[in-house]
Amino acid sequence: MSACGHICSGLFSHTGICLENHLLDVADLCVRFHKQNSLSLFEPEEKVEDLLWLVGLCHDIGKSTEYFQEYLTQKEYITQKVKGDTKLLRKHSLLSAVCSYFLVKQKTQNDFLAFVGYLAVKRHHSNLDDILNETSYIDDKELRILEKQIQSIDDKKLEAFSKNLSVDLTKERIRSWCNEIQKELFELKRKFRNRNGNLTDYLKINYIFSILLDADKSAVVLGGRSRFEDYFSRKDLDLSCVDRYVDSLKQSGARKMNRGSNINDLRNQAYNSVSNFEIDLSQRIFSMNLPTGLGKTLMALKFALKIRQNLETKKGIKARIIYSLPFLSIIDQTFSVFTKVLNNPTSDILLQHHHLSDMVYTKQNNGEQIEYEDDQAKIMLEGWNSEIIVTTFYQLFQTLVSNSKSNIRKFHRLANSIIILDEVQCIPHRYWSLVKELMISLTEKMNSYVILVTATQPMIFGQSTKIIDERQYFNSLNRVDVYIDITPKTIPEFAKQISFEEGKSYLFILNTINSAKELYSILKNDILKDGFRREIVFLSSHIVPRERLMRIEKIKRGEFRIAVTTQVIEAGVDVSFDVVYRDLAPLDSINQACGRCNRNWEKESGKVFILKLKDERRAFASYVYDSILLESTEEILKPIDSSKIREQDFLQLVGKYFDMVNQRKSNNISRQLLDSIKQLRYDGEAEKMPISSFKLIEDERFPKISVFVEINREAKSVWEDYKKIWENNNLKPFEKMKEFEKIKSKFYDFVISVPCFSSLPPIVCGIGYISSNQLEDYYDLETGYKISGDAIIW
């Protein structure tokens, strides 16, 4: 007897799982996922629930063949009996896709939806391809394979199987479908060639594909339909949780500053303004542009919760909140704050997802917190099964623009979501047009909302609904004066001009690791007196992450008063110095650097110096930044050279900068990617820039490798655990990966990425490895990885 209450046909999808039971589970979950959403993506007559039910029901029908059933039971004779075509005969996706196509077409009377079902089922174990390739002829070999598969199906089992699914399936009917599919595909290809491209079809395909992928994975790992309600039921969120947290900060004195309540008053004023903002749900894109240090993170969460409450009250929609940020360092910081706001919630309320996330998932069950098994936790985390998801730009945009099944799996979670893009200026300008069109389409068709959060609002979306009038806050602040001197200087020349005042703290932000190391060495060895040498610290991405975070915490506690660093200090790192020196960078990066100076208005006024450092060839900035951004910045700063900028002037200057960038930037990449999206060119030739070519983070100009640094006893212990997993020949590759997931977060605390042209440490267990005995050769405890050779940009 199967879990469905009927007698199992004797066909199986996985070891011990009745095939029809699995198909009914997946079909049920497909519909369940869709019913959680309210979309404008499909027309009522498109019968999307019928489509999803049949896609789930058909996706593994091809497993009914003798070849797959024998493969499942691992019998040797079948391998020899079909020696040449064994692998092809065991495959099930194409046969399943053919069945899906005709059953969906019969139910919906819609060729396009039938094709969407065909495509989703055919590709549910692989990535999407160019739509014109997907509609190409099935070749003669594939047709012979399909015929052999049909012949091999046990008639009695198929009869019982069909009865249990309430679907009319016979070998004759399936055979006739396989004979007809060529004609159908030919007609579809003609239509696709002549169609006017649009974003809606792309959203439809990804939505259906996403739901099938998620339902299939979830059903196998989590169990049958009787447990789905426990796993996927939605939770309520308390709108007042942010208010309580802000009140607790006031009472504890955490927001009191040394110079009275100036910054505190502005924070409270801004927070109250956001809290009292009247939300018009017909507006979909909102913006919050405020100076650094005013508490935008809490305000954005508060505003998202307000939208969610309005949607639930007025439309019955329980929207997920997706808080997306560009860097891992601020992900951890933001997640930590939200954990406090929500009073240590379980993962079904709040989860953090990026490539280094711990595979831990918790939930309340009858008042008791339970922790899921590893496989279950992975499914729930990677499926974004939570009310609030804190994630990276990479995860968000590679979900939105991708042909990869692993990325697209969570695409359907973007429906009815409230997407917060924090530090939105970090989106590469080459993708501005792409992001704008996709986000607008997402809000219109999938009923989502977007909140743009930044201290330097770029002109990505053009007009958006302002949550707050930023001018009064910029005009009220006078924390820093910015001094401009962009006459090119070498680092030794610059170092000679530096003087340190007693009682003040200093931050130096440089553009390359090597230039930062050079300045650090000169300051420590040639300029600073003995007593000050203990108060200087170095930061770069070549310091292992664990040590880097420890140094940042010490900076926050005031243990170092001089820091020499690369850009790793800029994004969201809540530190404050009296004086900041910044090597020339795009204006939005300069603004971020200013946010590290007198951040909390502790002093009357901080000072920021913008300079232009060079080597014997050219400016260091030119090695790492886009020329359009630098040229626009210099054009704005040159008239101010040798004079100063007040903080009140930032808003106008940054607005002028982004206008200039918007006029000068090339839309070619966005235009080509949008064309591929509209033409459903998921993969293909590189020169056509298919969807698969989209990379939010561009490949490095120089190849890099990962290196594990055995810097202390903890690192040594983690390495030994990793080595045991790697060298365990009793584990299959996927089992090794599963074991590695348990230590992944700790492991990457000691991993850095280094250029391949440097003298590299040995590769051990698949990764560069610096043992404790080799530290002196490859790693400096103060400045990190030792780069040999001519490595200017490092």
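Starting afresh in each chain, residues are numbered from 1 along the sequence in its written order. Owing to the predicted nature of the model, reporting of local features is limited to residues with pLDDT of at least 70; listing and counting of side-chain atom pairs is limited to 80 or more, with chain, interface and lining totals taken over all residues. The side-chain figures draw on all heavy atoms in the structure; neither hydrogens nor water molecules are used.

### What to know about the overall build of the protein chain
Going by this rule: Strands here are runs of E lasting at least two residues and helices are runs of H or I lasting at least four, both read from the DSSP assignment and numbered beginning at the N terminus. Only C-alpha atoms enter the radius of gyration; for comparison, a globular chain is expected to reach 2.2 Å times N to the power 0.38, where N is the number of residues. Three exposure classes are used, based on accessible area relative to the maximum for each residue type with a 1.4 Å probe and protein chains only: buried under 20%, partly exposed in between, and exposed over 50%. The contact criterion used is simple: two residues touch if any of their non-hydrogen atoms lie within 4.5 Å. Where accessible areas are quoted, they stem from the Shrake-Rupley method and a 1.4 Å probe; at the residue level, only the protein chains shown are allowed to cover. Counted as positive: Lys and Arg. Counted as negative: Asp and Glu, with His and the chain ends omitted from the count. To locate a charge, the coordinates of NZ of Lys, CZ of Arg, CG of Asp or CD of Glu are taken.
Counting its regular elements, the protein chain contains 34 helices and 24 strands. The C-alpha radius of gyration computed for the protein chain amounts to 29 Å, which stays within 12% of the reference 28 Å derived for 794 residues, consistent with globular compactness. When the backbone C-alpha atoms are referred to their principal axes, the protein chain occupies close to 90 × 60 × 55 Å. The proportion of buried residues among the 794 residues of the protein chain is 57%. For the protein chain, contacts bridging at least 24 residues in sequence account for 78% of all contacts bridging at least 6. With an accessible surface of roughly 33,800 Å², the protein chain has 46% of that area assigned to carbon and sulfur atoms. Placing the 111 positive and 108 negative side-chain charges of the protein chain at their respective mean positions leaves the two points 1 Å apart.

### Thoughts on the sheet that holds strand E17 (residues 606–613)
Stated formally: DSSP bridges decide pairing: two strands pair if at least two such bridges lie between them. Lines fitted to C-alpha atoms define the axes here, with helix axes fitted over just the stretch in contact, and angles between the N-to-C directions of these axes take values from 0 to 180 degrees.
Sheet architecture is open: 7 strands sit in the order E14-E15-E13-E16-E17-E12-E18, paired in mixed fashion. Of all the strands in the sheet, the pair left with one neighbour each is strand E14 (536–539) and strand E18 (644–646). With direction set aside, neighbouring strand axes in the sheet form an average angle of 15°. As paired strands, strand E12 (residues 480–489) and E18 are joined by 3 bridges and run antiparallel to one another. Across the sheet, Val482 pairs through a bridge with Ile645, a residue of E18.

### Describing the nonpolar core
Under the convention used in this document: Buried residues of nine kinds, namely Ala, Val, Leu, Ile, Met, Phe, Trp, Tyr and Cys, make up a nonpolar core once their side-chain atoms join them within 4.5 Å.
Ranked by size, the top nonpolar core spans 160 residues in total, and within it Tyr118, Tyr207, Phe397, Leu421 and Met439 carry the most contacts. It is helix H12 (residues 199–222) that contributes the most residues to this core, 13 residues altogether. Leave out the neighbours within four places in its chain, and Leu421 touches Ser324, Phe393, Leu396, Phe397, Met439, Val450, Ile451, Leu452 and Val453. Ranked by size, the runner-up nonpolar core spans 52 residues in total, among them Tyr245, Ile321, Val390 and Ile451.

### Notes on unusual backbone geometry
Backbone geometry at Ser166 places phi at a positive 60°, although glycine is not the residue there. Within the element layout of this structure, Ser166 appears in the loop between helix H10 (155–165) and helix H11 (171–194). Judged by relative accessible area, which is 68%, Ser166 ranks as exposed. A positive phi angle, close to 55°, is found at Glu423, a residue other than glycine. Looking at the element boundaries, Glu423 is found in the loop between strand E9 (417–422) and helix H21 (432–445). When its relative accessible area of 11% is taken as the criterion, Glu423 is described as buried.

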